Amino acid sequence: TEGGDYKDRSFDENFRRAGEVGLVRGAYHFYNPHTDPIRQADFFISQVKLQRGDLAPVLDIEVKPRDKAQLQADLKKFLHRLEQHYGVKPIIYTFYKYKTRYLDDPEFDTYPFWIAHYYVEALAYEGSWHFWQHTDYGSVPGIAHNVDLNVFNGTWEEMLRYQLK
């Protein structure tokens, strides 16, 4: 989902089919700092029916805010609403410079981070991270176009901690 009213038209089919073949599936919300955070959280909740075994919801935050303090306050509202509904801490996805510039409040460090940093041998972000998106130019069998590729910073058992119970 994105903002307060957009849902990828392929999401339902892709989500269903991922579950049918046994993949750990998940969903993310592309956050718009100019839209009410509770409206965005409620829209995501109404559109994404996560189940036991699915990955925790992901907050994708990349848009530069007009006001850093307001962004931080609003993101906390959004994250708390998702955590209340799904019963698990959401994962925060962003690029490493955004994290250091705008998400420097210690409360955000209590959430798992998925850091995007493309085309490098190693992640430059020095803080705690759980997922690293290292390219948007990957390929996998069965998909005809480029895809994002990611790595998890831990074991399979540790990754399973980020699933809904």
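Scroll up for the structure.
Report on the accompanying structure. None of these values were measured; they are calculated from a predicted model. (Residues numbered from 1 in each chain as written. Predicted model: local features only at pLDDT ≥ 70, side-chain atom pairs only at ≥ 80, totals over all residues. Heavy atoms only, no water.)

Observations regarding the packing of aromatic side chains
Filter applied, for reference: Here a Phe, Tyr or Trp ring, Trp counted by its six-membered ring, pairs with any other such ring whose centre lies within 6.5 Å, and the pair is stacked when the planes are under 30 degrees apart, edge-to-face when over 60, and tilted otherwise. Strands here are runs of E lasting at least two residues and helices are runs of H or I lasting at least four, both read from the DSSP assignment and numbered beginning at the N terminus. Under the scheme applied here, a residue whose accessible area is under 20% of the maximum for its type counts as buried, over 50% as exposed, and between as partly exposed, the area being computed with a 1.4 Å probe on protein chains only.
As enumerated under the stated definition, the model contains 12 aromatic pairs in all. Taken together, a centroid distance of 4.5 Å and an interplanar angle of 25° make the contact between Trp114 and Phe131 stacked. Placement of the pair is Trp114 in strand 4 (residues 113–116) and Phe131 in strand 5 (residues 131–138), with a sequence separation of 17 residues. Under the relative-accessibility criterion, Trp114 is labelled buried at 14%. Overall, the relative accessible area of 6% leaves Phe131 in the buried class. With a centroid separation of 6.1 Å and an interplanar angle of 65°, the aromatic rings of Phe152 and Tyr162 are classed as edge-to-face. On the criterion of sequence distance, the pair formed by Phe152 in strand 6 (residues 147–152) and Tyr162 in the segment after helix 5 (156–159) is long-range, its members being 10 residues apart. For Phe152, a relative accessible area of 21% gives the class partly exposed.

What to know about the pairing of strand 4
Condition: Whether two strands pair depends on DSSP finding at least two bridges between them. By convention, a crossover is right-handed whenever its connection, traced from the first strand over the helix to the second and viewed with the strands pointing away, goes clockwise.
Where burial is concerned, the two faces of strand 4 agree: the one with Phe113 and Ile115 and the one with Trp114 and Ala116 are both buried. Bridge analysis of strand 3 (residues 91–95) against strand 4 gives four bridges, and the strand direction is parallel. Following the sheet pairing, Tyr93 is matched in strand 4 by Trp114. Handedness of the β-α-β unit built from strand 3, helix 4 (residues 96–102) and strand 4 comes out right-handed. Pairing of strand 4 with strand 5, which is carried by three bridges, proceeds in the parallel orientation. Along strand 5, the bridge assignment pairs Trp114 with Phe131.

Topic: the side chain of Arg25
Stated precisely, the cut-off is as follows: A 3.5 Å cut-off defines polar contacts: any pair of N or O atoms within that distance qualifies, except that in protein one atom must be a possible hydrogen donor and the other a possible acceptor, and neighbouring residues in sequence count only when both atoms are side-chain atoms. Pairs of residues are marked as contacts when any of their non-hydrogen atoms sit within 4.5 Å.
The topology assignment puts Arg25 in the loop between helix 1 (11–20) and strand 1 (28–30). From its side chain, Arg25 meets the backbone oxygen of Phe15 in a polar contact 2.9 Å long. A polar contact is formed between the side chain of Arg25 and the side chain of Asp54, at a distance of 2.7 Å. With residues up to four places along the chain from it excluded, the contact list for Arg25 reads Phe15, Arg16, Ala18, Gly19, Gln51, Asp54 and Leu55.

Topic: the layout of surface pockets
Put simply, the test is: Using a grid of 1 Å spacing that covers the protein atoms alone, one calls a set of points a cavity when a 1.4 Å probe fits there but cannot get out, and a pocket when the set is open and has protein on both sides within 12 Å along at least five of seven lines; lining residues are those with an atom within 4 Å of a point. Grid points are joined across faces, edges and corners, and a volume is the space filled by probe spheres set on the points. Polarity classes work like this: nonpolar for Ala, Val, Leu, Ile, Met, Phe, Trp, Tyr, Cys and Pro, charged for Asp, Glu, Lys and Arg, and polar for all others, with Gly in that last group.
What the largest pocket holds in volume is close to 1700 Å³. Breaking the lining of the largest pocket down by element, the ones donating at least two residues are helix 1, strand 1, strand 2 (58–60), strand 5, strand 6 and helix 5. If you tally residues by element for the lining of the largest pocket, the top one is strand 6, at six residues. Residue composition of the lining of the largest pocket, grouped by class: 24 nonpolar, nine polar and seven charged.

Thoughts on the sheet that holds strand 3
Condition: Every axis corresponds to a line fitted to the C-alpha atoms, with the helix fit spanning only the stretch in contact, and the corresponding angles, defined between N-to-C directions, vary from 0 to 180 degrees.
The strand order across the open sheet formed by six strands is 1-2-3-4-5-6, and the pairing between neighbours is mixed. Because the sheet does not close on itself, it has two edges, and the strands there are strand 1 and strand 6. Ignoring which end each strand starts from, the neighbouring axes of this sheet average 25° apart.

Some points on the nonpolar core
To keep things clear, this is the line we draw: In this description, a nonpolar core means a group of buried Ala, Val, Leu, Ile, Met, Phe, Trp, Tyr and Cys residues linked to one another through side-chain atoms lying within 4.5 Å.
Membership of the largest hydrophobic core comes to 41 residues, with the highest contact counts inside it found for Leu59, Ile61, Leu75, Tyr86, Ile91, Ile92 and Leu103. Within the residue set of this core, elements represented by two or more residues are helix 1, helix 2 (37–47), strand 2, helix 3 (68–86), strand 3, helix 4, strand 4 and strand 5. Tallying contributions element by element places helix 3 first for this core, with six residues. In contact with Leu75, not counting residues within four places along its chain, are Tyr31, Leu59, Ile61, Leu103 and Phe108.

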